[in-house]
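Geometric and topological summary
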Amino acid sequence: MGCAKVSRCLAVVVAAFCLVSTVQAPNAAAADTQAIDFNRDIRPLLSDRCFACHGPDEEDRQAGLRLDDFSAATAELDSGLTAIVPGKVNASELLARITSDDPDVVMPPPEVGKPITPDEAGLLADWIAAGAGYRGHWAFQRIERPAVPAVADAAWPLTPIDRFILARLEQEGLHPNAEADQTTLARRLALDLTGLPPEPTAVAAFVANDSSEAYGRYVDQLLASPHYGERMAIEWLDAARYADSHGYQTDSSRSNWPWRDWVINAFNRNLSFDQFTVEQLAGDMLPEPTREQIVATGFNRNHRINGEGGIIAEEWRVETVIDRVETTGQTWLGLTVGCARCHDHKYDPISQREFYELFAIFNNVPETGTIMGQATQRSGGNADPIRLLPTSAQAKKLARLEQVVVDAKAALATEEKNLKSLAEAWAAEVREALRNAGEAWQPFEPLELTSAGGASFRRSEDGSWLVEGVNPPQDSYTVESLIPAGQFSGLRLELLPVAGLAGGGFGRGGNGNVVVTKIEAEIDPPGDGKAIPVVFKRAEATYQQKNWEAAKLLSGKKGDGWAIDGNRADINKPRTIALLPAQPVEVPENSHLVVTVRQESKFIGHTIARFRLAYSTEEPSLLGVNGLRLPKDVRAAILAAVENRTPKQQKEVEAFYRGNVAGPIRQAEAARDAAQKSLAAFRKTVPSAMVMQEGPRREAFVLERGEYDKRGEPVAPGLPAFLPALPEKEPVHRLSLANWIVSRDNPLTARVWVNRIWERLFGVGLVKTSENLGNQAAYPSHPELLDWLAAEFMETGWDVKRFIKLLVTSRVYRQAATVTPEALTNDPENRLLARASRIRLPAEVVRDTALASSGLLVPTIGGPSVRPWMPDGVWDETSKYGNLRNYKPAKNDDRYRRSMYTVWKRTAGPPTMLMFDAPNRETCTVKRSRTNTPLQALALLNETTFIEAAHGLAKRMLAEGGDQPADRIAYGFQVSMGRQPNPLEQQTLTDGFSADLARFTQHAQAAEQLATAGIVPRPDGVPLAEYAAYTLAANVILNLDEFIMRE
Amino acid sequence: MHPLQPLHVQDQLNRRVFLGGAGGGLGFAALASLFQPASARAGTPAAVAGFPNFPPKAKRIIYLFQSGAPSQMDLFDPKPQMEKYRGEDLPDSIRKGQRLTTMTSGQKSFPVAPSMFSFAQHGDSGMWFSELVPNMARHADRWCMIRSMHTEQINHDPAITFFQTGHQLAGRPSIGAWLGYGLGSENADLPAYIVLTSFGSGRPDDQPLYDRLWGAGFLPNEHQGVRFRNTGDPVLYLADPPGVSRDLRRATLDRIATINASRGAALGDPDISARTSQYEMAFRMQASVPEIIDFSDEPKHVLESYGPDVHRHGSYAFNCLLARRLSERGVRFVQCFHMGWDHHGGLPRAIKGQVKDTDQATGALLDDLDQRGLLDETLIVWGGEFGRTIYSQGKLTENNYGRDHHPRCFTTLMAGAGVQGGLTWGATDDYSYNIVTPDQKVHVHDLNATILHLMGIDHLRLTYPYQGRDFRLTDVHGEVVHGILS
């Protein structure tokens, strides 16, 4: 984070530095009733107002004063003054400065805009008077299990949690709410634990069972549901910045869903949180890791990858590594480690050097930092390193194809052993050919010449043919001749000028230019044998016009061709082209060679005026338009006798043979290439996951100002010193980091995780700043409870399901959400938990609940991401890049899968999800905002998915809800809300239904329009008006506040 | 004292009613919601609100973002002396080892490509414009032309993200979200921050835009810009389902309100009535938005002034007129993004396409606002995310050249409320490569600080606490460019 360097003395205005925040510690002003607690009352004050200039950041420390440490804060400064003199308020310069009226003297400087209030100054004075006791930041202290407090009402608590909460309520003179009714609890639990509403039958069974175990059994059922893992994964995907595209400019797709499925599965099989952590951070480094453990490491590959043209790869590789450090710190430690990227952390004891020591741990992944030019990018767009995840059938095929490659390589190696003899045999042939001084290109005498356009041919003395007579706009010449047995290895066509014609005289009509659109050749054996077409692979010309190159003859594209600037008299160059096959073609005895030269361009009269043909029997790879392409020194080496060749010459002959001449080696090589190609092609179809890997160690440095190219001192992997050290001699790498994160002595991990679970189930975390547990964290509402839960969680084996069960079986959780105005005034955020909180469902759950209530939900778990309804081309108005353009919603089951499977484009997510506060997944997010906007109303009222859900719910009402409108509507309400409507709700909905039915009966067209919106099939035998009216009733139910709330 | 600090309770209650739920912590800025008209915020204590910090010069902004980076030396920063260096290599004394994108860093030479276009002075101020933008030039005495803009970013994604959010990486709130957070909305029926997009004809496929450019980052989500779409519903899901008339929708909303109210009474949760009021807002938007995009009430001469494209939904001209209509109705921040300015090759042809899209409509927008007396209270900003190089990317020929990205100097124009018309601010060297007026350099952070200033906001004070830090749009930088203010 770019914080300016300032270096000014204490009294000087400090205008620019990392800005600090107001953190509301609930107890900050409680000094009148309790003794001062440094961590609760003093540290937040010092941290917020003072640490930025007088805290851990050494470089920007002003006046040499450090206030985050007792001995430093009480030491004499260079100025001779002492900030804090324990027990002596008047001698403490700190007090003098914070209470000064002089704007040049007062601290913090007025420009910062964060004055210390008289109350706060009083608190500081009392604290100094009492000895200025320091204690380490609470979240950095080892987690010890506190005693469970005693309570007056011993009958109320069911769990230790209840005693902590009740003790505080009793202290405040407050009483907890009564228990919520059974139907509310059934829905609350189902939504919290599975993200889906309960089935009416499950609710009925739960309500009917009044045994004392019923509640716990219902919880167990939900925890055993495979949808539990899906619900648990949602926030984890936010933290992991999981998405289906690479992000940045192009934002093309990737396919890392196997990692997403690993997370769901890990929660479902209740993998302990410590193991969950280790496998995701360093599963690849475990001894003999399983495929699943390697897939788990995708956590730290879910970052964005920049593919913009013109980027400097190292800059973005560094960003990737930094992203991993920040994400890991944020997710597990609740720390903003990234603040130390450019300078020592302003609030927490993490130096810049320590940041880069962490960086070094994540720095060794064999990756480029960009998807550009990454040849290995493959399998669903995934970027290396990846792990292939074949099905068993795919695995068999892979093994087979890999074996083919191995065999082909072995065959090639065998052939290569014969290189010397093969090369010499060839050299002998060439030597013979060179000695015989035969021409590489030999003219041939046609037996027959024909023109498709009716022109005639006249032979010149030089063996060329002049074209005369009819002059058609296009033409095609066919030349048939005898060819000696042996081999045919190339065709050459010379175009020659004719005096008196336009331009350079090459073309018969037009401007003198010629366009040859195609040349075909075939070997026609005698008798009934079929003609053998020659496939030309290479074209070489002495001259070619721009955009009409020789190679265009081979493109096969209509309209392409070879042209020669024949209109220009100023170019005095031969216009000759050679066409060569990959391999020589065998020519049987008495065969004919049939050559067709097509000149079928759209340019009129660009036909050949005079030409000459030749063929060759030499090795095609050695042939060029001007003859044999032997390099000079190879030629010399070949001509020298074997015994006279120098070793260098011998090598040259062999290398030339190896690289250019068709024969057993090249054949084996082609076979190997083909095998490799089909292996690679098949691999692309096999699913894969992006995974972590330890490549060769890269050097790491402190990067000045955090810039990739400003390398300072080299650093080795290391861990921040303020947290417990690794066992001695234990090397620092990803695996030891992971083990350290989940060690019993780590003060942060368990606190962070139990706080986030608490936040999800109770609305607000025990620490309100669930994203930050550093010095700037809000003080916990129930610090002892937090520590008790963290200790409990660790000491019961980091057992997530057990822990969640503990929370949801508490009395606190089971309270009703009703609130009086007075209670609301006293505790608007429900920090004391004298009631349950009503919580707006997360985006995914809003949609899933609608799908489930309507019976449309397709509950399949996992697999590639899907395309539910979103507007056609939903992302096209802001980008024409990448392969996620032209969005088309599915019309099959994929349309109704749970929202977590929706294809997620990072630079523009699924709109309805974003409207309901899902983060965009560009960076790690551990806390979602919960807003209420008109756009959400529009989505629930009108989005096609929700209209289809209304259709589905209407059909359920009709099919399952009895015969009477009132019963059907009550059933629809029951299915959606988990409870029966009360009389007012029933009346409102039923009256509304009757009115709508009357209206739709009158307006048949409107009824038909509503009934046929979307793709849900209409129910058989139901009048359109009735179906439309039930649809609208369902639309109302799905838009009630209660429907998208967890109550 | 009560541990829950009753002093803040009323404020928190108000917030809950307005925002309908817990957002982030309390900042110093007003907690005005996206759709909450200023009058309805009366209950928010002034001591917490405090915004604007001082009387604003500008009430509203229309920001014409030219995405892809227009070439300053072909439009606004004439360098006729370059003709004599045509084809010569850019001297090292000018380049000074500055990093280049990998699109040209491998080039063997960096041949100087003088602009093909001629420049002339315009207006009383004698401001220079190239022949490409005659209609912008008509307003010479209204524009403040900043030739000394600079940034650190050399690639599109990070550069435009930096412009919009003050940071090159994703995650921070956009400038419009900050404004909405600080100032709220003037119009009860429309969002405070509206985004319009158009593709350019110079390079029809360039450059992509990203949701984060108008995103709320860590601010409460309701502050994100609402992008009007060019096809289908102008605001997503605005249209009622087929067969549901306005009357019918009204009737269903009444039922929802009745049931919500009874639930609210039973539970005592004020969030429930907040939900109902958002449904009312949605209902009003269903009327107000279609009315705004329907230009049939515009006089013919106004439509004509914007050029024929004004009739094409999703064109720059259409968006300019729509911006005026939105602005007129109190939408505080309208941002038009026009794509297609990334001219690595074939610049002379491509830039002609871009100015054909933009020049007439930009000129017309200024006239139109002026004729309605709105220009004095509306700030206009015109510019892209960085500049372009004097040297040619790819081959330089007589009538063709391309230009790579250039961060060290480029031109941005401002007009309207609070800026000095006819002022040319800052200057560049002969190669338009480096800024030669050290006391008139304008960094992206400085520009953003200045924009906030014109809206009555001290950029140092508009902060939001997140992850233990108070963040602001200008990070720890930014100085208001007082020299360009009127």
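All of these numbers come straight from a predicted model, not from anything done at the bench.

**Some details on the overall build of chain A**
- For chain A, the helix and strand inventory stands at 33 helices and 24 strands.
- A compact globule built from 1047 residues would reach a C-alpha radius of gyration of about 31 Å, whereas chain A, at 40 Å, exceeds it by more than 25%.
- Structurally, chain A occupies a C-alpha span of about 125 × 90 × 55 Å along its principal axes.
- Per-residue burial over chain A gives 51% buried out of 1047 residues.

**Topic: the overall build of chain B**
- On a plain count of helices and strands, chain B comes out with 13 helices and 15 strands.
- The proportion of buried residues among the 486 residues of chain B is 62%.
- Once local pairs closer than 6 in sequence are excluded, the contacts in chain B between residues at least 24 apart make up 76%.

**Structural notes on the interface of chain B and chain A**
- Taken residue by residue, the interface counts 87 residues in chain B and 94 residues in chain A.
- Among the elements of the structure, α1 (9-19), α6 (156-165), α8 (246-267), α9 (271-293), β14 (463-466) and β15 (469-472) of chain B are those that each provide at least two residues to the side of chain B that touches chain A.
- Top contributing element to the side of chain B that touches chain A by residue count: α8 of chain B, with 11 residues.
- Classifying every residue of the side of chain B that touches chain A by side-chain character gives 38 nonpolar, 31 polar and 18 charged.

**Thoughts on helix α14 (residues 313-333) of chain A**
All names here are of chain A.
- With 21 residues, α14 should cover 30 Å at 1.5 Å per step; its first-to-last C-alpha distance of 30 Å lies within 8% of that length.
- With respect to burial, α14 is a largely interior element, 18 of its 21 residues being buried.
- Of the residues one or two after α14, Gly334 is the one with positive phi, at around 60 degrees.

**Topic: unusual backbone geometry**
- Of note, the bond from Met107 of chain A into Pro108 of chain A is cis; its omega dihedral lies within 30 degrees of zero at -10 degrees.
- Of note, Lys729 of chain A is a non-glycine position whose phi angle comes to about 70 degrees, a positive value.
- With respect to the helices and strands, Lys729 of chain A occurs in the loop between β22 (711-715) and α21 (734-741).
- Within the chain, Ala69 of chain B stands out as a residue other than glycine whose phi angle is a positive 85 degrees.

**A short note on the sheet that holds strand β16 (residues 591-599) of chain A**
All names here are of chain A.
- The 5 strands are arranged β3-β6-β16-β10-β11 in an open sheet whose pairing can be described as antiparallel. Edge positions in the open sheet fall to β3 (446-451) and β11 (532-533), since each of these has one partner strand only.
- Sheet topology note: the β3/strand β6 (residues 475-483) ladder contains 5 bridges and is antiparallel. Directly across from Glu448, in β6, lies its bridge partner Glu480.

**Some details on the nonpolar core**
- Phe359, Ala1028 and Ala1033 of chain A together with Cys144 and Cys320 of chain B are the most contacted members of the largest nonpolar core, which has 319 residues in total.
- The greatest single-element share of this core, amounting to 11 residues, is contributed by helix α33 (residues 1024-1037) of chain A.
- Excluding residues that lie within four positions of it along the chain, Ala1033 of chain A makes contacts with Ile969, Gly972, Leu989, Gly992 and Phe993 of chain A.
- Trp426, Ala541, Ala550 and Tyr615 of chain A belong to the second-largest nonpolar core, a separate cluster that totals 58 residues.

**Examining the packing of helix α26 (residues 843-853) of chain A against helix α29 (residues 944-960) of chain A**
All names here are of chain A.
- The geometry of α26 relative to α29 is characterised by a closest axis approach of 8 Å and an angle of 30 degrees between their N-to-C directions. Put simply, α26 runs roughly parallel to α29. Residues Arg847, Ala850, Leu851 and Ser853 of α26 touch α29, and the partners they reach there are Thr945, Phe946, Ala949 and Leu953.
- Class assignment of the residues belonging to the contact of α26 with α29 gives a composition of 5 nonpolar, 2 polar and 1 charged.

**Some words on the pairing of strand β1 (residues 60-66) of chain B**
Residue and element names in this part refer to chain B.
- With 7 of 7 residues buried, β1 lies mostly within the body of the structure.
- Burial along β1 is two-sided: the face carrying Arg60, Ile62, Leu64 and Gln66 and the face carrying Ile61, Tyr63 and Phe65 are both buried.
- Note that β1 and strand β8 (residues 378-383) share 6 bridges and pair parallel. By the bridge assignment for β8, Phe65 is matched with Gly383.
- Here β1 runs beside strand β7 (residues 333-338); their pairing, made up of 6 bridges, is parallel. What sits directly across from Gln66, in β7, is His338.

**Digging into the packing of α14 of chain A against helix α15 (residues 352-361) of chain A**
Residues and elements named next belong to chain A.
- Relative to each other, α14 and α15 sit at 105 degrees, their axes nearing to 9 Å. In terms of axis orientation, α14 runs roughly perpendicular to α15. Note on element contacts: α15 touches α14 through Phe355, Leu358 and Phe359, opposite Val321, Ile322 and Val325.

**A short note on the environment of Ala541 of chain A**
All names here are of chain A.
- Looking at where Ala541 falls in the secondary structure, it is placed in strand β12 (residues 536-541).
- Distance from Ala541 to Arg575, taken between C-alpha atoms, is 7.1 Å for residues 34 residues apart in sequence.
- Not counting chain neighbours up to four residues away, the residues in contact with Ala541 comprise Ala550, Trp562, Thr576, Ile577 and Val625.

**Observations concerning the pairing of β15 of chain B**
Residues and elements named next belong to chain B.
- Side chains Arg469 and Phe471 of β15 all project onto a buried face; the interleaved residues Asp470 and Arg472 project onto the opposite face, where all are buried too.
- Bridge count between β14 and β15: 4 bridges; the pairing is antiparallel. Bridge pairing in β15 links Pro465 to Asp470.
- The antiparallel hairpin formed by β14 and β15 contains 2 residues in its connecting segment, where Gln467 sits at a positive phi of about 50 degrees.

**Concerning helix α6 (residues 160-172) of chain A**
All names here are of chain A.
- An ideal rise of 1.5 Å per residue puts 18 Å on 13 residues; α6 measures up with 19 Å between its terminal C-alpha atoms.
- Of all the positions in α6, only Ile161, Asp162, Arg163, Phe164, Ile165, Leu166, Ala167 and Arg168 are classed as buried.
- As for α6, its buried residues are in contact with α23 (783-795) and α24 (800-808).
- Once α6 ends, the next one or two residues include Gly173, with phi positive near 70 degrees.

**Here we look at the confidence of the model for chain B**
Residues and elements named next belong to chain B.
- Considering every residue of chain B, the mean pLDDT works out to 88; 90% of them sit at 70 or more.
- Scored below 50 in pLDDT, residues 1-48 makes 111 contacts in the model with residues more than four places away or belonging to other chains.
- As a predicted assembly, this complex carries a pTM of 0.82 together with an ipTM value of 0.84.

**Some remarks on the confidence of the model for chain A**
- Counting all residues, the mean pLDDT for chain A is 91, and 96% of those residues have values of 70 or more.
- A low-confidence stretch, residues 1-33 of chain A (pLDDT under 50), is modelled with 99 contacts involving residues beyond four sequence positions or located in other chains.

**Let's talk about the environment of Ser198 of chain B**
All names here are of chain B.
- The topology assignment puts Ser198 in strand β5 (residues 193-198).
- Separated by 280 residues in the primary sequence, Ser198 and Gly478 place their C-alpha atoms 30 Å from one another.
- Once residues lying within four places of it in the same chain are set aside, the contact partners of Ser198 are Gly314, Ser315, Tyr316, Asn319, His338 and Met339.

Calculation rules
Residues numbered from 1 in each chain as written. Chains lettered and ligands numbered in written order. Predicted model: local features only at pLDDT ≥ 70, side-chain atom pairs only at ≥ 80, totals over all residues. Helix = DSSP H or I, 4+ residues; strand = E, 2+ residues; numbered from the N terminus. Rg over C-alpha atoms; globule rule 2.2 N^0.38 Å. Buried ≥ 20, exposed ≤ 12 C-beta atoms within 10 Å, placed from the backbone. Contact = placed C-beta atoms within 7 Å. Nonpolar A, V, L, I, M, F, W, Y, C, P; charged D, E, K, R; others polar. Expected span 1.5 Å × (residues − 1). Pairing = 2+ DSSP bridges. Core = buried A, V, L, I, M, F, W, Y, C linked by C-beta atoms within 7 Å. Axes fitted to C-alpha atoms, helices over the stretch in contact; angles between N-to-C directions. Parallel < 35°, antiparallel > 145°, perpendicular 65-115°, else oblique. pLDDT = per-residue confidence, 0-100.

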